[in-house]
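Residues per chain are reported as follows:
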Amino acid sequence: MKSIVMLILIVCLSIFNLNAQQQVQKEIVLVGTMHKVPKIVKHSYKPMLRRAKKYNPTAIYVESPKGNDSLSWAYLKNGWSKSYKQFYHLSDSIKNVFTPDSTKVLSLLEKDFSAMTKQDLQYLQKTFAYHRDDANFGFYSYILKHGLKGSKKPTRYEDGDLTYKLAIHQNIKLLNAMDDQRTNDKYHEGWSKCYKEGKNNGNNAIMKKLNKKDYNSAILPAIFRGLGKHTNKKKSLQTSHQLAAFTYTKNMTDGCKQGEKYWNERNMRMAKNIGDSVKASDKTRNIVIVGAAHIIGLEKELKENYPKFKITLVNEL
C-alpha cells in the first residue's frame, strides 16, 4: 500500500513539473519591417497586421531607445534623427514644468482604452515625454490624433500601420523599447569610409548588384500586397543583414570592418534588452517589430544567450 501511494505521488509530481515547464516557456517572434514604404505599396502593412493579430501577442517590443538609456540619448539628442532630437528637447522642457503622479499613472493604465478620456490620454502622453519614453509617447500621441480605430489612411510606417494598431487590438497599454544607438555615429562613420573605399576595390559594384537583385525580387510581391511576407523570407533577411553589416564585400577594408563591428554590437545590445526584459516579465507571447536588417543578428544572439526561449521568425508561424 505504501509503495502504491509513493508511485501515485511520483506520477503526480511528474505531471505537475511537466505542466509547470510548459506554462513558463516563453516565445519571441521576430517581425522584420520595411520602415517607410512608398505610396504605391502603402497597404503593405495590412497583411502583416493580420498575421500579428493571429499570433495574439501579450507583449510588443519596438525599435526605439529606452527612456533610461542615457548613452543612446547622449548621441541622439544631436544625432542623425530629427524626430529624436525634437523629442529629446520636448522631454527636457516638460521636466521643467511637470512631474507625473505615479499612482495616477498606474490607475490610468488599468483602464481599458475605451474608458480613457482625452485628459487621461494627454496625461499619459506627457508622462511618457517626462520619462523620455519615445515609444509610448508616440503611441499615445497616435491615439489622441486618430482614436482607437487608428488612422483611416495608411501612414506607410510600421508604427502607425502595424505596431500601434496591434497594441490597441490586443489592449496592450505599454510598448517595450529595446533599441540601443549609443554607437550609431561610429557605425555611420564606418559606412561612409566603406563606401569611399569601395569605389576602387569593387565592393560598391557588388553592393549595387545585390541591391538591384533584392529590389527586383520584391516587385511582384509588392504588387500583390506580399511585401511584408517577402521581406521576412530567410533569403531576404540574409540580404538585408549582408548590406547592413557589410559582409557582402569582397575586400573587407577598415571602414567596412568598423561598420560590421558596430552593427553587430548594436544587435547584441538590442537582443540583451529584449531577452532580459522577457526573462523578468510574466508575458509568454512576445513579438518584436524591428527593421528587417536586424532580424538575422537578433535571432543569432537570442538563440545563443536565451536557449530556454522559443525564438521564431514570423514567416515560420
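Residues numbered from 1 in each chain as written. Predicted model: local features only at pLDDT ≥ 70, side-chain atom pairs only at ≥ 80, totals over all residues. Heavy atoms only, no water.

Draft legend 1. The environment of Ala 52, seen in detail. Within the secondary structure, Ala 52 is located in helix H2 (residues 45-55). A relative accessible area of 4% means that Ala 52 is categorised as buried. Residues Ala 52 and Ile 289, 237 residues apart in the sequence, show an inter-C-alpha distance of 9.8 Å. (Helix = DSSP H or I, 4+ residues; strand = E, 2+ residues; numbered from the N terminus. Buried < 20%, exposed > 50% of the residue type's maximum accessible area, 1.4 Å probe, protein only.)

Draft legend 2. Structural detail: the packing of aromatic side chains. One pass over the structure, following the stated rule, counts 17 aromatic pairs. Both rings, one in Trp 73 and one in Tyr 84, keep their centres 5.7 Å apart while their planes meet at 85°; by these two values the pair is edge-to-face. Here Trp 73 is found in helix H3 (residues 70-76), whereas its partner Tyr 84 is found in helix H4 (residues 82-95), with 11 residues between them in sequence. Ring geometry for Phe 98 versus Tyr 130: centroids 6.4 Å apart, planes at 80°, classification edge-to-face. Remark: Tyr 130 occurs in helix H6 (residues 118-130) and Phe 98 occurs in the loop between H4 and helix H5 (102-109); sequence separation between them is 32 residues. Residues Phe 98 and Tyr 130 agree in their burial class; the two are buried. Within the aromatic cluster, the residues linked to one another by ring pairs are Trp 73, Trp 80, Tyr 84, Phe 87, Tyr 88 and Phe 137. The aromatic ring of Tyr 123 is capped on one face by Lys 104, whose charged end is 3.9 Å from the ring centroid. Over the aromatic face of Phe 98 sits the side chain of Lys 126, whose NZ or CZ is 5.3 Å from the ring centroid. (Phe/Tyr/Trp six-rings, centres within 6.5 Å; stacked < 30°, edge-to-face > 60°. Lys NZ or Arg CZ within 6 Å of the ring centre and 35° of its normal.)

Draft legend 3. Up close: the pattern of salt bridges. Tallied over the full model, the rule gives 13 salt bridges. Measuring nitrogen to oxygen at the nearest pair gives 2.9 Å for the salt bridge that ties Arg 269 to Asp 180. Placement of the pair is Arg 269 in helix H13 (residues 254-280) and Asp 180 in the loop between strand S3 (176-179) and helix H9 (184-201), with a sequence separation of 89 residues. Accessibility assignment for this pair places Arg 269 and Asp 180 in one class, buried. Two residues, Glu 301 and Lys 300, come together in a salt bridge whose shortest N-O distance is 3.6 Å. Glu 301 sits in the buried class, given a relative accessible area of 12%. Because the salt bridges share partners, they merge into one network encompassing Glu 63, Asp 179 and Arg 266. (Salt bridge = Lys/Arg side-chain N within 4 Å of Asp/Glu carboxyl O.)

Draft legend 4. Main features of the pairing of strand S4 (residues 285-291). Buried residues dominate S4, accounting for six of its seven residues. Bridging between strand S1 (residues 27-33) and S4 involves seven bridges; their strand directions are parallel. Paired with Ile 28 across the two strands is Asn 286, which belongs to S4. In terms of strand pairing, strand S2 (residues 59-65) meets S4 through four bridges, oriented parallel. Looking at the pairing, Ile 60 lines up with Ile 287 of S4. (Pairing = 2+ DSSP bridges.)

Draft legend 5. Highlighting H4. Taking 1.5 Å as the rise per residue, H4 with 14 residues should run 20 Å; its terminal C-alpha atoms sit 20 Å apart, in good agreement. The complete set of buried residues in H4 reads Tyr 84, Phe 87, Tyr 88, Ser 91 and Ile 94. Buried residues of H4 fall within an arc of 130° about the axis and therefore sit on the same side. Projecting away from the buried face of H4 at angles above 90 degrees are the exposed residues Lys 82 and Gln 86. Where H4 is buried, its residues touch S2, H3, H6 and helix H7 (134-146). (Expected span 1.5 Å × (residues − 1). Arc of directions from axis to C-beta. Contact = heavy atoms within 4.5 Å.)

Draft legend 6. Geometry of the layout of surface pockets. In this model, the second largest pocket occupies a volume close to 310 Å³. Lining the second largest pocket we find 14 residues, and of these Thr 58, Ala 59, Ile 172, Leu 174 and Lys 283 sit closest to its centre. Within the lining of the second largest pocket, the residues separate by chemical class into five nonpolar, six polar and three charged. (1 Å grid on protein atoms, 1.4 Å probe; cavity = no way out; pocket = protein on both sides within 12 Å on 5 of 7 lines; lining within 4 Å. Points joined across faces, edges and corners; volume = space filled by probe spheres on them. Nonpolar A, V, L, I, M, F, W, Y, C, P; charged D, E, K, R; others polar.)

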